[in-house]
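Structural description and commentary
One-letter residues, chain by chain:
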Amino acid sequence: MSAVEEVANEAPAVEAVPKRAMTLGYGTSLVVLGLLIIAPMFLKNFFVFQMTMLLIYALAVLALNILTGGSGQFSLGQSAFYAVGAYTSAILMEHMGVNYALTLPIAGIICFGFGFLFGQPALRLSGIYLALATFALAVAMPQLLKLGFFEHWTGGVQGLVVTKPDAPFGLPISQDRWLYYFTLVIAIGIYIASVNLLRSRSGRAFMAIRDNEIAASAMGVDVALYKTLAFGVSAGITGVAGGLGAIAVQFVAPDGYTITLAISLFLGMVVGGVGWLPGSIVGSAFIIFVPNIAEHISKGLSGAVFGVLLFIVIFLVPHGARQVAIVAQQMLGKLKN
Amino acid sequence: MELFINQVLAGIATGAIYACMALAVVMIYQAIDHLNFAQGEMAMFSTFIAWQLMQWGVPYWWAFLLTLAFSFAGGIVIERMLFKPLAKAPVLTNVAGFIALFAIVNSVAGLTWDFTIKQFPTPFGSSPFLGSQLISTHQAGMIGVTVGLLVLLYLFFQFTRIGLAMRAAASLPESARLVGINTSWMIALGWGMASAIGAIAGILIAPVVFLEPNMMGGVLIYGFAAAVLGGLTSPLGAVVGGFLVGVFENLAGTYIPGVGNELKLPIALALIITVLVLKPAGLFGRPIVKRV
């Protein structure tokens, strides 16, 4: 049998998710939003900081979700875009004295460009090959950041210290709370924009490519353009999250952006449910709190707990938090009747 | 010139390890069409077992054989318990499964044997090989074992019924099933062999990189680079790719200014991406054609 006759029956990377299953209902959204607004007022500064990180990782997971759940490509290299965003913010703030809020759109744009360009070669790869190429990107990133050539800007191995912004207009709230609400506003903005993006013409093009690339191209979708666009948008949002992360943690260093981060984000997406945008926050909570709790029980245990929980998710609830949400909804419906 | 030959030989020696890793990766890729991201950790775990056996006083070669047997069984158990149920799941779920396995094995090894660096013995000694200054006996041993392994695998796949059945199950599972081959067990067998081959790679490289739970991180990535370079569908390609990556890595580290040790890894990765873009099937792989 010659090679040409061979047929590749590749299973799609991601199962199809209908469009309206991507968001929460109106009422539930308002409840979640209300909780996110009120909760920090009663928490200590450290927990407020953790909630800020929760939102930041949720943004990064959301970005990956747009790429994977939307266009069906997947990436193990999001930490690289996160790092570029973080460094952009840090360098602009510390070396050029740019206001922290202004560094975020710049980080987003730079990462968009970076992601768009990386999407070009990635176009020819699919499934497992794409995972490998992005994996390579994530592994290479910390090494690149350590290069002597950029050291003047990046601080090399030492990294850069970032000043934490004060609340503006003399508002009487702590820096941590201010940063939390600042992050919350950006996160909500990006969330709404993402929902609209996926509902737009471009979003439909992404999904057409995800479900059947060949059919999509036959229908006149510019596959190359939309695939790289998905990469760009995803990288851009991750870059904004990275910039926010740098401001919140007040420090950037190459070893903060290793493959572990990329893998965490990937797992966050799987746990939250691929293609279900609100799942991003569930996934983010998973990747922030599970290792913490496990480390409390025994040092070095976090990896094992993480892995076992992940297998449980894969086997019992393969659609992640989305599946749990749907079951919960059905049970509520039964109670009402 | 001496420096050049020295670097090429050292590259071939480490390349032998990459070749073993690549071979293990290809074995599983052939069987289930997925890359095993946990391959390196599985190899690391096997190496720890060999180390533990030797601590208990088992002689080197007995420990080596026992470890191979254990890894073989372990690979089959992992396939039966964790990945057989995932066979029909999307790629994404499988990648998540491999990453979960990675985290579990790494963490369990750390908890059992802690994260301190341990010495690992070599059976070949570390004196210069045949009196030449170019290569040590351990490096020569690494090359020798890899070549031997390759010959054995070749004989196995070409001349035994089981080898033939495994090849059939990998290339055309449907037809293989029709002629009475138990494809499901062939996949398990592939996992077992991959796990054992990984164990050999781990035991051979441990004297060089020292034994600790994160020892295989870099090696696995070079193994991936090698497998991709040679073509994920070709075991021979994986081995050739392994040697090429080893030599390329050493030469780049020596001769390209500013690369040094720091940038060796990114170079290997740049190599992966370049190969994937220019020739996605690799040097020896079969191109896959999609039917519309």
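Just so you know, these numbers come straight off a predicted model, no measurement behind them. (Residues numbered from 1 in each chain as written. Chains lettered and ligands numbered in written order. Predicted model: local features only at pLDDT ≥ 70, side-chain atom pairs only at ≥ 80, totals over all residues. Heavy atoms only, no water.)

Comments concerning the pattern of salt bridges
Counting across every chain of the model gives five salt bridges over all chains. The residue A:Glu213 makes a salt bridge to A:Lys227 at a minimum N-O spacing of 3.2 Å. Of the two residues, A:Glu213 is situated in helix H9 (residues 213–218) and A:Lys227 in helix H10 (residues 223–249); the sequence distance between them amounts to 14 residues. In this structure, B:Glu174 and B:Arg177 form a salt bridge, with 3.6 Å as the shortest nitrogen-oxygen distance. With B:Glu174 and B:Arg177 both in helix H7 (residues 173–178), this residue pair falls three residues apart, about one helical turn. (Salt bridge = Lys/Arg side-chain N within 4 Å of Asp/Glu carboxyl O. Helix = DSSP H or I, 4+ residues; strand = E, 2+ residues; numbered from the N terminus.)

Overview of the confidence of the model for chain A
Scored by pLDDT, chain A has a mean of 81; 91% of the residues are at 70 or more. Per-element mean pLDDT across chain A ranges from 73 in helix H6 (residues 151–154) of chain A up to 90 in H10(A). (pLDDT = per-residue confidence, 0-100.)

Structural notes on the packing of aromatic side chains
Per the stated rule, a full pass over the model turns up 29 aromatic pairs over all chains. Relative to B:Tyr222, the ring of B:Tyr18 has its centre 4.7 Å away and its plane inclined at 25 degrees; by these criteria the two rings are stacked. Of this pair, B:Tyr18 sits in helix H1 (residues 2–32) while B:Tyr222 sits in helix H9 (residues 217–230), and the two are 204 residues apart along the sequence. Each member of the pair B:Tyr18 and B:Tyr222 is classed as buried. Arranged with centres 5.5 Å apart and planes meeting at 70 degrees, the rings of B:Phe45 and B:Trp113 form a pair that is edge-to-face. Within this pair, whereas B:Phe45 is found in helix H2 (residues 39–55), its partner B:Trp113 is found in helix H4 (residues 91–113), the two being separated by 68 residues in sequence. Judged by relative accessible area, B:Phe45 falls into the partly exposed class, the value being 21%. Taken together, A:Phe311, A:Phe315, B:Phe83, B:Phe98 and B:Trp191 form an aromatic cluster joined through their ring pairs. (Phe/Tyr/Trp six-rings, centres within 6.5 Å; stacked < 30°, edge-to-face > 60°. Buried < 20%, exposed > 50% of the residue type's maximum accessible area, 1.4 Å probe, protein only.)

Notes on helix H11 (residues 264–278) of chain B
Taking 1.5 Å per residue, 15 residues should reach 21 Å; H11(B) reaches 21 Å between its end C-alpha atoms and fits that length. With respect to burial, H11(B) is a largely interior element, 11 of its 15 residues being buried. For H11(B), the complete set of buried residues consists of B:Lys264, B:Leu265, B:Pro266, B:Ala268, B:Leu269, B:Leu271, B:Ile272, B:Ile273, B:Val275, B:Leu276 and B:Val277. In this structure, the buried side of H11(B) is in contact with helix H4 (100–122) and helix H5 (128–145) of chain A together with H9 and helix H10 (235–255) of chain B. (Expected span 1.5 Å × (residues − 1). Contact = heavy atoms within 4.5 Å.)

Notes on a nonpolar patch on the surface
Taken together, the side chains of B:Val147, B:Val151, B:Leu152, B:Tyr154, B:Leu155 and B:Phe159 make up a nonpolar region of the molecular surface, amounting to roughly 620 Å² of accessible area. Tracing the chain through its elements places B:Phe159 in helix H5 (residues 137–159). (Patch = residues over 30% accessible without salt bridge, like charges linked within 9 Å, V, L, I, M, F, W, Y side chains within 5 Å. Areas by Shrake-Rupley, 256 points an atom, 1.4 Å probe, with all protein chains shown as cover.)

A word on the environment of B:Ile273
Counting through the fold element by element, B:Ile273 comes out in helix H11. In the structure, B:Ile273 is positioned 45 residues away from B:Val228 in sequence and 9.3 Å away in space, judged by C-alpha atoms. Those residues in contact with B:Ile273 that lie beyond four places of it in its chain are A:Phe118 and A:Ala133.

Examining the environment of A:Ala241
Residues and elements named next belong to chain A. Its place among the elements puts Ala 241 in helix H10. For Ala 241, a relative accessible area of 0% translates into the label buried. As a C-alpha pair, Ala 241 and Thr 183 span 58 residues in sequence and 9.0 Å in three-dimensional space. For Ala 241, the residues in contact, after removing those within four places along its chain, are Ile 56, Leu 59, Ala 60 and Tyr 82.

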